[in-house]
Amino acid sequence: MPAIHVSKLEKKFGDFKALDGLDLEVRKGEVYGLLGPNGAGKTTAIKVLTGLLKKTSGNAEILGVRMPCKDIAQRIGYMPQETALYVGLTVHQNLEFFGKLFGMDKAAILAREADLLKFIDLEKWRDELVANLSGGMKHRVSLACALIHEPEVLFLDEPTVGVDPELRVSFWNFFGSLKEKGTTILLTTHYMDEASHCDRVGFMRSGKLIAEGEPKAILKEAGTSSLEDAFLFYARRDMQ
Ligand SMILES: Nc1ncnc2c1ncn2[C@@H]1O[C@H](COP(=O)(O)OP(=O)(O)OP(=O)(O)O)[C@@H](O)[C@H]1O
Ligand SMILES: [Mg+2]
């Protein structure tokens, strides 16, 4: 059973099709990167998959469960593109809030929080109001909140935007360690260099996939050495 299965997924806003027959399958334990220009439908796809937006038609399943389904919420982690934190609460209180939301008890939250704060390198900021953090720091807290309940499937919408280069490397190392534990990750990014860390990438354009595969295979088929050029190749092919 794949971790994520999407077939003929359509999402309309009025007459506009943000998702136009999206087919996507992500295996358990896979790191899958969705790439594509602004407005391609990446965030919409994640929102429909996580149950935040209602699909117009088609099918979306997570861990074999047809979405939307509330029962699966505890097995999913979601880091939104626009940080959704309570700025009037401290870092600790935000983590506690999300932990409680997922039914964790205090001891479990504290234990997990210690590891996460170390990983995002914000141990000293534990009791600071989120409002007083820099943009990149807020981003790091948002990632920690998505991970508090050790989800099996993780949706990360542009997780490394605004994150400094050093921390980006540690984010990717961390994603690798989550993968080793069997976590499935679907992420979006505009950093083409990051795509090489993914097991597979999918190029999205106008609400559907126009190419997918292992980064090396994608490049080989397009006959290019950069993913930017490869995207242009597949976009041109799609327009023909
Ligand atoms: N709530 C909404 N109402 C109307 N149109 C919407 C809504 N949400 C998204 N759209 C439209 O759907 C399309 C896809 O948007 P989406 O946010 O999924 O793109 P994206 O691939 O995530 O882009 P980006 O790289 O900029 O984050 C865009 O044209 C956008 O304007
Ligand atoms: Mg987006």
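What comes next concerns the included structure.

How each quantity is defined
Residues numbered from 1 in each chain as written. Chains lettered and ligands numbered in written order. Predicted model: local features only at pLDDT ≥ 70, side-chain atom pairs only at ≥ 80, totals over all residues. Helix = DSSP H or I, 4+ residues; strand = E, 2+ residues; numbered from the N terminus. Contact = placed C-beta atoms within 7 Å. Near = placed C-beta within 6 Å. Nonpolar A, V, L, I, M, F, W, Y, C, P; charged D, E, K, R; others polar. Core = buried A, V, L, I, M, F, W, Y, C linked by C-beta atoms within 7 Å. Buried ≥ 20, exposed ≤ 12 C-beta atoms within 10 Å, placed from the backbone. Axes fitted to C-alpha atoms, helices over the stretch in contact; angles between N-to-C directions. Parallel < 35°, antiparallel > 145°, perpendicular 65-115°, else oblique. Left-handed = near helix turned anticlockwise from the far one by under 90°. Pairing = 2+ DSSP bridges.

1. As for the overall build of the protein
So, step 1. Looking only at helices and strands, the protein has eight helices and 10 strands in total.
So, step 2. The principal-axis extents of the C-alpha atoms in the protein amount to approximately 55 × 35 × 35 Å.
So, step 3. A separation of at least 24 residues holds for 67% of the contacts in the protein among residues at least 6 apart in sequence.

2. Details of the site of ligand 1
So, step 1. All residues adjacent to ligand 1 are Phe 13, Ala 18, Gly 36, Asn 38, Gly 39, Ala 40, Gly 41, Lys 42, Thr 43, Thr 44 and Gln 81.
So, step 2. Counting residues per element, the shell around ligand 1 draws most heavily on helix H1 (residues 42-49), which supplies three residues.
So, step 3. Across the shell around ligand 1, the residue classes tally to three nonpolar, seven polar and one charged.

3. Some points on the nonpolar core
So, step 1. Counting 64 residues, the largest nonpolar core has Ile 4, Leu 49 and Ala 144 as the members making the most contacts within it.
So, step 2. Apart from residues lying up to four places away in sequence, Ala 144 is in contact with Leu 95, Leu 116 and Ile 120.

4. Observations concerning the packing of helix H7 (residues 215-222) against helix H8 (residues 227-239)
So, step 1. Between H7 and H8, the least distance of the axes is 9 Å, while the angle of their chain directions is 60 degrees. Taken as axis vectors, H7 and H8 run oblique relative to one another. Remark: the crossing between H7 and H8 carries left-handed chirality. Contact residues: H7 offers Pro 215, Ile 218, Leu 219 and Ala 222, while H8 offers Leu 227, Asp 229, Ala 230, Phe 233 and Tyr 234.

5. Examining the packing of helix H2 (residues 91-101) against helix H4 (residues 135-147)
So, step 1. Where H2 contacts H4, the axes come no closer than 9 Å and their chain directions differ by 25 degrees. Classed by the angle they form, the pair H2 and H4 counts as roughly parallel. Like other packed secondary-structure pairs, H2 and H4 cross with a definite hand, here right-handed. Here Val 91, Asn 94, Leu 95 and Phe 98 of H2 lie close against H4, whose contacting residues are Val 141, Ala 144 and Cys 145.
So, step 2. In terms of residue class, the contact of H2 with H4 is made up of six nonpolar, one polar and no charged.

6. A closer look at the sheet that holds strand S8 (residues 184-188)
So, step 1. The strand order across the open sheet formed by six strands is S6-S7-S8-S3-S9-S10, and the pairing between neighbours is mixed. The open sheet has two edge strands with one neighbour each: strand S6 (76-79) and strand S10 (208-213). Recorded for the sheet is a direction-independent mean angle of 15 degrees between the axes of neighbouring strands.
So, step 2. One ladder, built from four bridges, connects S6 with strand S7 (residues 153-157); its direction is parallel. Paired with Met 79 across the two strands is Leu 156, which belongs to S7.
So, step 3. In the packing of H4 onto the sheet, the strands contacted are S6 and S7, and the crossing angle to S6 comes to about 170 degrees.

7. Let's talk about the pairing of strand S9 (residues 200-205)
As a general feature of sheets, a regular strand has side chains that alternate between the two faces.
So, step 1. Counting buried residues in S9 gives five out of six residues, a clear majority hidden from the surface.
So, step 2. Across four bridges, strand S3 (residues 31-35) lies against S9 in parallel orientation. If you follow Gly 33 over to S9, its bridge partner there is Val 201.
So, step 3. Pairing of S9 with S10 involves five bridges; the strand directions are antiparallel. Bridged to Val 201 within S10 is Gly 213.

8. As for unusual backbone geometry
So, step 1. Of the consecutive residues Met 67 and Pro 68, the connecting peptide bond is found in the cis state with omega at 0 degrees.
So, step 2. Within the fold, Pro 68 resides in the loop between strand S5 (65-66) and S6.
So, step 3. Even without glycine at this site, Leu 63 takes up a positive phi of about 50 degrees.
So, step 4. Tracing the chain through its elements places Leu 63 in the loop between strand S4 (57-62) and S5.
So, step 5. Here Glu 158, not a glycine, exhibits a phi torsion of approximately 55 degrees, which is positive.
So, step 6. Tracing the backbone through its elements, the reader meets Glu 158 in the loop between S7 and helix H5 (165-180).

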